[in-house]
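Coordinate inspection notes
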Amino acid sequence: MSKKILLAAPRGYCAGVDRAVVAVEKSLELYGAPVYVRKEIVHNKHVVSTLEQRGVIFVNETDEVPEGATVVFSAHGVSPAVHAEAAARNLKTIDATCPLVTKVHNEVKRFANEETEILLIGHIGHEEVEGTAGEAPGKVRVVDGLDEARTIQPTPGKKLVWLTQTTLSVDETMQSVAILKERFPEIANPPSDDICYATQNRQEAIKAIAPNADLVLVVGSTNSSNSVRLVEVALEYGAKNAYLIDYADEVKEEWLVNAETIGVTSGASVPEILVDDLLKHLSAHGYHDVEEVRATEETLLFALPKELRADLKKA
């Protein structure tokens, strides 16, 4: 059996994740430990545990942060109510919200001010959706899946617009949009694409690999929406099997039986070291031939949060 790996590119860290992780690291350097982070800075088990070892304390809400301490808001964004709570507790806040998420927040505020009801395609309970919907309480309705798209009943007489969580499956999102447009022909489109460029690029890369793969391994955590989508997309586009793993040692021997070609990728919150570990693990099982399959180039970089930039200039 000729064993081969098809390695997806782009993969791993997107610009928003890189910015958020560096923001926490710079906060540790500038202010010293502990630095508090509301929720997980990004949805990756390895990143969170590594930062915890360096003195980061992750909390669920700002009331768990001592008054006057430094707190970093995660890449997924927070609602205005969370900002207000932090201000009331005199917390120093570093807002590491991904700029692409902030773009959707701004769209919500704009449409809410125009008295338009917003149908937000996304997952109920996801931090990004909670933060986005919190920009206009009572004016955002979450559409979670195709069944919801078929049954949701907007307020009669209201203008409608659809927006989306940034980390969804492109294909499934457009299915939801098609259903909403069929039901509500007058519904407006977002001013620009809400699904993040990195999410789309990683899905396109795995679509190119999946038809030729006996097995696809996606490095990522189970609470990472974009990582979970990569597994679904791989199976949808022809991979015989696909699994989500955090670490290389989670690969089961039986997955490799009769797997001549293995596709490998990683979610947008995954550091490259975890992919390297997986490639070493697979090499030990005879998979020495690695071919990178590149869907597109990524060159986007985001500046650090303005609060950090100001303090770095003073330092």
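Residues numbered from 1 in each chain as written. Predicted model: local features only at pLDDT ≥ 70, side-chain atom pairs only at ≥ 80, totals over all residues. Heavy atoms only, no water.

Scanning the chain from terminus to terminus reveals 12 helices and 12 strands. Computed over its C-alpha atoms, the radius of gyration of the chain comes to 21 Å, within 12% of the 20 Å expected for a compact globule of 315 residues. Residues classed as buried in the chain amount to 53% of the 315 residues present. Across the chain, contacts joining residues at least 24 apart in sequence account for 76% of those joining residues at least 6 apart. Roughly 13700 Å² of accessible area belongs to the chain as shown, and the carbon and sulfur atoms make up 50% of that amount. Each charge sign in the chain was given a centre, from 32 positive and 48 negative side chains, and these centres are 5 Å apart. (Helix = DSSP H or I, 4+ residues; strand = E, 2+ residues; numbered from the N terminus. Rg over C-alpha atoms; globule rule 2.2 N^0.38 Å. Buried < 20%, exposed > 50% of the residue type's maximum accessible area, 1.4 Å probe, protein only. Contact = heavy atoms within 4.5 Å. Areas by Shrake-Rupley, 256 points an atom, 1.4 Å probe, with all protein chains shown as cover. Lys, Arg positive; Asp, Glu negative; His and termini not counted. Charge placed at Lys NZ, Arg CZ, Asp CG, Glu CD.)

Looking now at the sheet that holds strand β5 (residues 92–95). Within a beta sheet, neighbouring strands are joined by backbone hydrogen bonds and run either parallel or antiparallel to one another. The strand order β3-β2-β4-β5 describes an open sheet built from four strands, whose pairing is parallel. Edge strands, defined here as strands with exactly one partner in the open sheet, are β3 (56–59) and β5. Neighbour-to-neighbour, the strand axes of this sheet turn through a mean angle of 30°, independent of strand direction. Note that strand β2 (residues 35–38) and strand β4 (residues 70–73) share three bridges and pair parallel. Residue pairing for β4: Val 37 is matched across the bridge by Val 72. In this fold helix α1 (residues 15–31) packs onto β2, β3, β4 and β5, with an angle of close to 150° to the strand it touches most, β5. (Pairing = 2+ DSSP bridges. Axes fitted to C-alpha atoms, helices over the stretch in contact; angles between N-to-C directions.)

Bringing the layout of surface pockets into the picture now. Taken as a whole, the largest pocket encloses approximately 180 Å³ of empty space. Every residue lining the largest pocket is counted, 13 residues in all, and those nearest its centre are Pro 10, Arg 11, Tyr 13, Arg 202 and Glu 298. Elements supplying a minimum of two residues to the lining of the largest pocket: α8 (197–209) and β12 (289–294). The residue inventory of the lining of the largest pocket, partitioned by class, reads seven nonpolar, one polar and five charged. (1 Å grid on protein atoms, 1.4 Å probe; cavity = no way out; pocket = protein on both sides within 12 Å on 5 of 7 lines; lining within 4 Å. Points joined across faces, edges and corners; volume = space filled by probe spheres on them. Nonpolar A, V, L, I, M, F, W, Y, C, P; charged D, E, K, R; others polar.)

Further remarks concern empty space enclosed by the protein. Rolled over the atoms, a probe sized like a water molecule indicates the empty space that remains. Under the definition given, this model contains one cavity of 30 Å³ or more. As a volume, the largest cavity reaches approximately 250 Å³. If you go around the largest cavity, you meet 23 residues; those closest to its centre are Cys 14, Val 17, His 76, Thr 166 and Thr 167. Broken down by secondary-structure element, the contributors of at least two residues to the lining of the largest cavity are α1, α4 (99–113), α8 and α9 (225–236). In the lining of the largest cavity, the residues fall into 11 nonpolar, 11 polar and one charged.

Treat this as a map of the structure, not an account of what it does.
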